[in-house]
Amino acid sequence: MQFAKRLEPLQFNVFADMDRAKAQARAAGQNVIDLSLGSSDLPAAAHITDAIAHSLSDTSTHGYLLFNGTKSFREAAAIWYEQKFGIAVNPETEVLPLIGSQEGTAHLPLAVLNPGDFALLLDPGYPSHAGGVHLAGGQIYPMPILAENAFLPIFEDIPTAVLAHSKMMVLSYPHNPTTAIAPVAFFEKAVAFCREHQLVLVHDFPYVDLVFDDRNSLIEAESGNEEEYRKLMAPSIFQADRDKSVAIEFFTLSKSYSMGGFRVGYAIGNSELIAALRQVKAAVDFNQYRGILNGAIAALTGPQDTVRTSVETFRKRRDAFVNALQGIGWQVPVPPATMYVWAKLPEPWAQDSVKFCTQLVQSTGVAASPGAGFGKSGEGYVRFALVESPAILEAAVRKIAEFLN
């Protein structure tokens with residue numbers, strides 16, 4: 001068979017490659033500690049799963065679910081957003097349910113790009129951002145993000161010739177894989193840049209809640225001034241684009257609410273962008289099972305203490321893992337957000353992250369993600385996902401120490 005050329009750039013996938021390496025390690029008898037995939041091991045809260053379970057016996061939920069049937073979910077998403085960021089959202093024209101935020105980042109290029117148009121993407125960045133551009137026939141201009149620039153792109157470095165044929169820019173902070181947070185001032189600069197160059201500004205925002213600010217400051221802010229509380233949170237793009245002139249933002253319930261397997265998220269943004277993405281979505285699928293949206297409504301409108309508990313759980317894991325790495329002489333920065341540790345590789349693997357991760361899992365059973373899989377500028381790094389208990393993370397570091405020695 002002969003397949004479409006658009007599949008060619010999709011052949012290299014960091015997660016698929018590591019899956020093969022993990023399978024080989026298991027076949028060789030290794031007990032794999034899998035820190036390669038950012039899939040939360042924490043359970044969804046009981047009030048969420050109860051809402052889904054109660055839906056199962058309601059036969060009215062068993063049919064196709066069209067856009068108008070998602071109104072309650074869209075209203076819950078709009079209220080959640082307004083309460084969190086203080087910015088009003090119209091649930092009829094500015095919210096669209098998604099099968100996870102990855103659906104949004106993969107499908108939006110089909111609505112924005114013509115073949116040959118450029119998309120400006122972070123390098124390193126999440127692989128699905130590039131996949132959607134390839135499927136749309138677009139070209140990618142990687143914006144390098146480096147430690148010396150706080151892992152923020154330098155817009156002035158983008159060539160004029162590229163900008164002339166660019167249609168969209170994709171940002172994502174808190175950032176996977178580097179764990180960096182972007183301040184509102186950076187977003188203001190990004191919005192102004194996109195307005196000037198007539199670019200659609202896409203912000204992928206799955207780690208909105210997974211920020212490890214000082215706990216006491218956060219508690220004080222929660223019980224006091226709302227504006228002070230928001231300063232401690234990861235900012236939304238609409239704190240810089242309040243009239244939603246150029247931007248769209250993608251959320252998922254996978255991280256904050258441990259609902260990765262339920263595949264539910266949503267887009268908020270410019271009404272024209274929402275309408276265009278809705279057209280693409282209508283050609284591809286209907287929506288999730290209504291019961292899943294009922295669970296998502298329960299998550300967004302119900303008690304939020306489980307979110308705070310999850311954040312504290314990942315904070316403890318981060319501290320245990322970073323302290324253990326530093327204890328064996330591997331100096332890594334303390335991540336300010338997300339569920340990852342982004343570590344610069346020691347010699348002799350400083351420029352061969354794939355070899356490091358392959359040999360590590362084969363020798364020790366510890367699986368991680370090679371930085372090269374996230375883009376050229378990710379080479380020289382490795383990403384560890386904090387998806388195990390502190391005790392297992394510390395055991396993984398002991399195995400890493402044996403490997404390094």
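The present account deals with the structure reproduced in this document. (Residues numbered from 1 in each chain as written. Predicted model: local features only at pLDDT ≥ 70, side-chain atom pairs only at ≥ 80, totals over all residues. Heavy atoms only, no water.)

What follows concerns the overall build of the chain. Secondary structure summary: the chain contains 14 helices and 12 strands in total. Relative to the 2.2 N^0.38 estimate, which gives 22 Å for 405 residues, the radius of gyration of the chain is 21 Å and therefore close to what a compact globule would have. Taken over the C-alpha atoms alone, the chain extends approximately 60 × 55 × 50 Å along its principal axes. For the chain, buried positions account for 54% of its 405 residues. Summarising the internal contacts of the chain: among those between residues at least 6 apart in sequence, 74% fall at separations of at least 24. Of the roughly 17700 Å² that the chain leaves accessible, carbon and sulfur atoms contribute 52%. Computed over 32 positive and 42 negative side-chain charges, the inter-centroid distance for the chain is 4 Å. (Helix = DSSP H or I, 4+ residues; strand = E, 2+ residues; numbered from the N terminus. Rg over C-alpha atoms; globule rule 2.2 N^0.38 Å. Buried < 20%, exposed > 50% of the residue type's maximum accessible area, 1.4 Å probe, protein only. Contact = heavy atoms within 4.5 Å. Areas by Shrake-Rupley, 256 points an atom, 1.4 Å probe, with all protein chains shown as cover. Lys, Arg positive; Asp, Glu negative; His and termini not counted. Charge placed at Lys NZ, Arg CZ, Asp CG, Glu CD.)

For the rest of this paragraph, the subject is the environment of K244. Residue position: K244 is located in the loop between helix 9 (226-231) and strand 7 (247-252). Judged by its relative accessible area of 7%, K244 falls in the buried class. Spatially, the C-alpha atoms of K244 and K22 are 44 Å apart, while their sequence positions differ by 222 residues. Setting aside its immediate chain neighbours within four residues, K244 contacts I87, A88, V89, E94, F238, G269 and N270. A polar contact of 2.8 Å, which involves the side chain of K244, links it to the backbone oxygen of A88. (Polar contact = N/O pair within 3.5 Å; in protein donor to acceptor, adjacent residues only side chain to side chain.)

What follows concerns the sheet that holds strand 3 (residues 118-123). If you trace the 7 strands from one edge of the open sheet to the other, you get 2-8-7-6-5-3-4, paired in mixed fashion. The strands lining the two open edges of the sheet, one partner per strand, are strand 2 (95-98) and strand 4 (139-144). Strand-to-strand twist of the sheet, defined as the mean angle between neighbouring strand axes without regard to direction, takes the value 20 degrees. Docked against the sheet, helix 4 (residues 101-112) engages strand 2, strand 5 (166-171), strand 6 (200-204) and strand 7, running at close to 155 degrees with respect to strand 7. (Pairing = 2+ DSSP bridges. Axes fitted to C-alpha atoms, helices over the stretch in contact; angles between N-to-C directions.)

Across the junction of D123 and P124, the peptide omega takes the value 10 degrees, indicating a cis bond. Along the polypeptide, P124 turns up in the loop between strand 3 and helix 5 (127-135). For T179, which is not glycine, the phi dihedral falls at a positive 75 degrees. As for its placement among the helices and strands, T179 is situated in the loop between strand 5 and helix 7 (184-196). A relative accessible area of 5% means that T179 is categorised as buried. With a phi angle near 55 degrees, S258 is a residue other than glycine that sits in the positive phi range. Note on placement: S258 falls in the loop between strand 7 and strand 8 (265-269).

Turning to the sheet that holds strand 12 (residues 381-385), a few remarks are in order. With antiparallel pairing, the 3 strands of this open sheet are ordered in space as 9-12-11. Each edge of the open sheet is held by one strand with a lone partner, namely strand 9 (340-344) and strand 11 (369-370).

The subject of this paragraph is the environment of R278. Tracing the backbone through its elements, the reader meets R278 in helix 10 (residues 271-284). Overall, R278 belongs to the partly exposed group, its relative accessible area being 37%. Sequence spacing of R278 and A111 is 167 residues, and the spatial spacing of their C-alpha atoms is 9.2 Å. With residues up to four places along the chain from it excluded, the contact list for R278 reads F67 and L96.

With respect to burial, strand 6 is a largely interior element, 5 of its 5 residues being buried. Neither face of strand 6 is left uncovered, since the one carrying V200, V202 and D204 and the one carrying L201 and H203 both have all their residues buried. Note: strand 5 against strand 6, 4 bridges, orientation parallel. By the bridge assignment, M169 is partnered in strand 6 with L201. In the classification by handedness, the crossover that spans strand 5, the intervening helix 7 and the parallel strand 6 is right-handed. Note that strand 6 and strand 7 share 4 bridges and pair parallel. Bridged to H203 within strand 7 is E249. (Right-handed = clockwise from strand over helix to strand, strands pointing away.)

Two packed helices can be described by the angle between their axes and the distance between those axes. Remark: helix 4 packs on helix 5, axes separated minimally by 7 Å, with the N-to-C direction vectors making an angle of 25 degrees. Put simply, helix 4 runs roughly parallel to helix 5. When you trace helix 4 past helix 5, the crossing you get is right-handed. Along its contact with helix 4, which presents Q102, T105, A106, P109 and L110, the element helix 5 presents S128, H129, G132, V133 and L135. Looking at the contact of helix 4 with helix 5 residue by residue, the classes come out as 5 nonpolar, 5 polar and no charged. (Parallel < 35°, antiparallel > 145°, perpendicular 65-115°, else oblique. Left-handed = near helix turned anticlockwise from the far one by under 90°. Nonpolar A, V, L, I, M, F, W, Y, C, P; charged D, E, K, R; others polar.)

The next subject is the environment of A367. Its place among the elements puts A367 in strand 10 (residues 366-367). What makes A367 buried here is its relative accessible area of 0%. Setting aside chain neighbours within four positions, we find A367 in contact with M18, K22, V32, I33, D34, L35, S36 and V361.

For the rest of this paragraph, the subject is the nonpolar core. Core analysis: the biggest nonpolar cluster contains 69 residues, and L171, Y173 and L201 have the highest contact counts within it. Among the elements that line this core, the one with the most residues is helix 3 (residues 71-85), at 7 residues. Core analysis: the second largest hydrophobic core is formed by 41 residues, F321, V322, L360 and I400 among them. (Core = buried A, V, L, I, M, F, W, Y, C linked by side-chain atoms within 4.5 Å.)

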